[in-house]
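This is what each chain is made of:
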There are 2 protein chains.
Amino acid sequence: MTDFTGWMQGIQSRTEAALEQWLPGPQIAPERLHQAMRYSVLGGGKRVRALLAHAGGELCGAQPEKIDAAACAVEMIHAYSLVHDDMPCMDDDDLRRGKPSCHKQFDDATALLVGDALQTLAFEVLSQPDLLAQPLRQLAMCQLLAQASGSRGMAGGQAIDLASVGLDLNQTELEFMHIHKTGALIRAAALLGAYCGDCDEQALSALDHYAKSIGLAFQVVDDILDTEADTATLGKTAGKDAANNKPTYVTILGLERAKQLARDLHDSALAQLQVYGPRAERLVQLAGFITQRQF
Amino acid sequence: MTDFTGWMQGIQSRTEAALEQWLPGPQIAPERLHQAMRYSVLGGGKRVRALLAHAGGELCGAQPEKIDAAACAVEMIHAYSLVHDDMPCMDDDDLRRGKPSCHKQFDDATALLVGDALQTLAFEVLSQPDLLAQPLRQLAMCQLLAQASGSRGMAGGQAIDLASVGLDLNQTELEFMHIHKTGALIRAAALLGAYCGDCDEQALSALDHYAKSIGLAFQVVDDILDTEADTATLGKTAGKDAANNKPTYVTILGLERAKQLARDLHDSALAQLQVYGPRAERLVQLAGFITQRQF
């Protein structure tokens, strides 16, 4: 087994290559739209969701080649959500991954269409003929991704987030928001990877618990970083949530208790995975990476 | 066989009922998002795409209950595109189907999320378990809808439309835009209906030709109506394309030649359908309805 960094870089570069293949070329009409789609997806990000898909797939013995499509689909949904999230009518953020956000680099109308078309492309990738030998399984993957992304998943979380600006949320309400806004897609990523292999109910259940815990931990760490890091390190505007009067784990719990919560969630994520031994190794490493990250 | 108006009203009301079932209730969190989704989808529109799905399905002997999901999915994609199209950064239109457009009734951020979540819901509907007995066919439907909606279909057409403002397009360029912007989804509607029945290559090919011709005819008639009708009749802002310096069939061809083109496209649409007799009756009636409409 290669070291974690080597594994991670391998997944990142194979995901980048697969995304590059799926995205229409910059010379294909409408050129500007395709250039903006590529700008928004390629060449950036830690590909946490792709890593989760591959780690989840490894738990169930899936071949990496099978997982690539699922990993790309989830990364495309994530990228679309960032493009729309950055738009002036939402978070109005000029910076993303250290570059001008899509609507700054191009324009608002293009950013709107980029997000729309990236979402579509995710479902196009996931419904491609012969992705899996089991079409019923593949349909279930489309269903899972749709449920995770829609109004009762990620998009719903965005709406709750918008509605919560300036409100005094308690920890339960904040958690409800994050379970939708980021948690649903993170959970989908891990499960979609597993669907590409031989997953049984027990593995799916362990993975479900893992992904929910890690999804929340990811957000807690995000809030901690937003408080502690500077804009250059983050590659996006730091301190923005506090400035926007948005509730965060740090504002609700304070810095120390937020850090403890991240550690507890990390430990909880791994609780059901010990039985899987080496097959869960990447999930264990990834949990550490996500909760100790400084990006 | 009931008369066309009776058939049409039957499809419209069963589609409305099915959409109502698929859309999350207005009391389900996030409430405002779900209310805005329902506002944007329910209670309006002629449901041309649902009619096409059912007429296409009838050609191939599909059961109406099977077609409902496909019809709803296409109507959801259409509704999402209207919501985003009306936003200030796109066409900036305050009126839709005689009511304030979504971003006027709610707000820009909500309209953005409404469009996003409606697109997702379309794929959720189409990938539902046990929609068809043939999962491979169902996957092909997801694939078809995705290709018709994405950057090489409807969303791409929007991009081409945006880029063409103030340009002197010729008829070929205008046609290229409309084939993407509206034609791709109209074609998908008819084919998705057929996929719900026993469709062979010949029927799909005839339907493909029909839908491409009717899709263009629909747009030509749209341009004629935009010139001739007033805002109250249209339920959307009339004369807007001309005011925005957007090329239309009327500005390129003149009113009379545009009307002749609509008639020619109508006749061409029906050319391959005669062999099907009564099974193609609804398609024939629908072609007449679409090209002679005054809405």
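Residues numbered from 1 in each chain as written. Chains lettered and ligands numbered in written order. Predicted model: local features only at pLDDT ≥ 70, side-chain atom pairs only at ≥ 80, totals over all residues. Heavy atoms only, no water.

Taking an unreviewed UniProt entry as the reference, chain A is identified by name as Farnesyl diphosphate synthase belonging to Novimethylophilus kurashikiensis. What UniProt records for chain A under Sequence similarities (unreviewed entry) is the sentence "Belongs to the FPP/GGPP synthase family." Recorded in UniProt for chain A, the comment headed Cofactor (unreviewed entry) runs: "Mg(2+)". (UniProt positions renumbered as here; feature names shortened; annotations may be inferred.)

(A) Quick look at the nonpolar core. By size, the foremost hydrophobic cluster in this structure holds 184 residues, and its most contacted members are Leu 145 and Tyr 210 of chain A together with Leu 145 and Tyr 210 of chain B. With residues near it in sequence (within four places) discarded, Leu 145 of chain A still touches Ala 73, Val 74, Ile 77, Ala 122, Phe 123, Leu 126, Leu 185 and Leu 192 of chain A. (Core = buried A, V, L, I, M, F, W, Y, C linked by side-chain atoms within 4.5 Å. Buried < 20%, exposed > 50% of the residue type's maximum accessible area, 1.4 Å probe, protein only. Contact = heavy atoms within 4.5 Å.)

(B) Focus on the relation of the copies chain A and chain B. Between the two copies, chain A and chain B, the superposition gives an RMSD of 0.0 Å; the rotation angle is 180° and the shift along the axis is 0.0 Å. Given the turn and translation reported, the copies of this chain are related as if by a two-fold rotation axis. For chain A, the residue whose C-alpha comes nearest the rotation axis is Pro 135 of chain A, separated from it by 2.9 Å. A share of 100% of interface residues in chain A that are also interface residues in chain B marks the association as one of identical surfaces. (Least-squares fit on C-alpha atoms with pLDDT ≥ 70 in both.)

(C) The environment of Arg 38 of chain A, seen in detail. All names here are of chain A. Among the structural elements, Arg 38 can be located in helix 2 (residues 31-41). Arg 38 sits 12 residues away from Pro 26 along the chain, and the two C-alpha atoms are 7.6 Å apart. Here Arg 38 is in contact with Glu 20, Leu 23, Pro 24, Gly 25 and Pro 26, once residues within four sequence places are set aside. Polar contacts involving the side chain of Arg 38 include one to the main-chain carbonyl oxygen of Leu 23, which spans 3.1 Å. (Helix = DSSP H or I, 4+ residues; strand = E, 2+ residues; numbered from the N terminus. Polar contact = N/O pair within 3.5 Å; in protein donor to acceptor, adjacent residues only side chain to side chain.)

(D) Molecular detail of the pattern of salt bridges. Summed over the entire model, instances satisfying the criterion amount to 26 salt bridges over all chains. Between Arg 14 of chain B and Glu 65 of chain B there is a salt bridge, and its shortest N-O distance comes to 3.9 Å. Taken together, the residues span a long stretch of sequence, with Arg 14 of chain B in helix 1 (residues 4-22) and Glu 65 of chain B in helix 4 (residues 64-85) at a distance of 51 residues. Note that Lys 259 of chain B is salt-bridged to Glu 228 of chain B, the shortest N-O span being 3.2 Å. Within this pair, whereas Lys 259 of chain B is found in helix 14 (residues 255-270), its partner Glu 228 of chain B is found in helix 10 (residues 201-228), the two being separated by 31 residues in sequence. Take Glu 228 of chain B: its relative accessible area is 46%, and that puts it in the partly exposed class. Overlapping salt bridges, with partners in common, bring together Arg 14, Glu 65 and Asp 68 of chain A in one network. (Salt bridge = Lys/Arg side-chain N within 4 Å of Asp/Glu carboxyl O.)

(E) Seen up close, the environment of Ser 101 of chain B. Residues and elements named next belong to chain B. Tracing the backbone shows Ser 101 in the loop between strand 2 (99-100) and helix 5 (102-105). Ser 101 sits in the buried class, given a relative accessible area of 1%. When the C-alpha atoms of Ser 101 and Gly 254 are compared, they prove to be 30 Å apart, with 153 residues separating the residues in sequence. Leaving out residues up to four positions away in the same chain, Ser 101 has contacts with Tyr 39, Asp 86, Asp 93, Asp 94, Leu 95 and Arg 96.

(F) Spotlight on the packing of aromatic side chains. Residue and element names in this part refer to chain A. Applying the stated criterion to the full structure yields 7 aromatic pairs over all chains. A ring pair is formed by Tyr 39 and Phe 106, whose centres lie 5.5 Å apart and whose planes are at 75°; its orientation type is edge-to-face. With Tyr 39 in helix 2 and Phe 106 in the loop between helix 5 (102-105) and helix 6 (108-126), this pair connects stretches of sequence that are 67 residues apart. For the residue pair Tyr 39 and Phe 106, the accessibility class agrees, reading buried in each case. (Phe/Tyr/Trp six-rings, centres within 6.5 Å; stacked < 30°, edge-to-face > 60°.)

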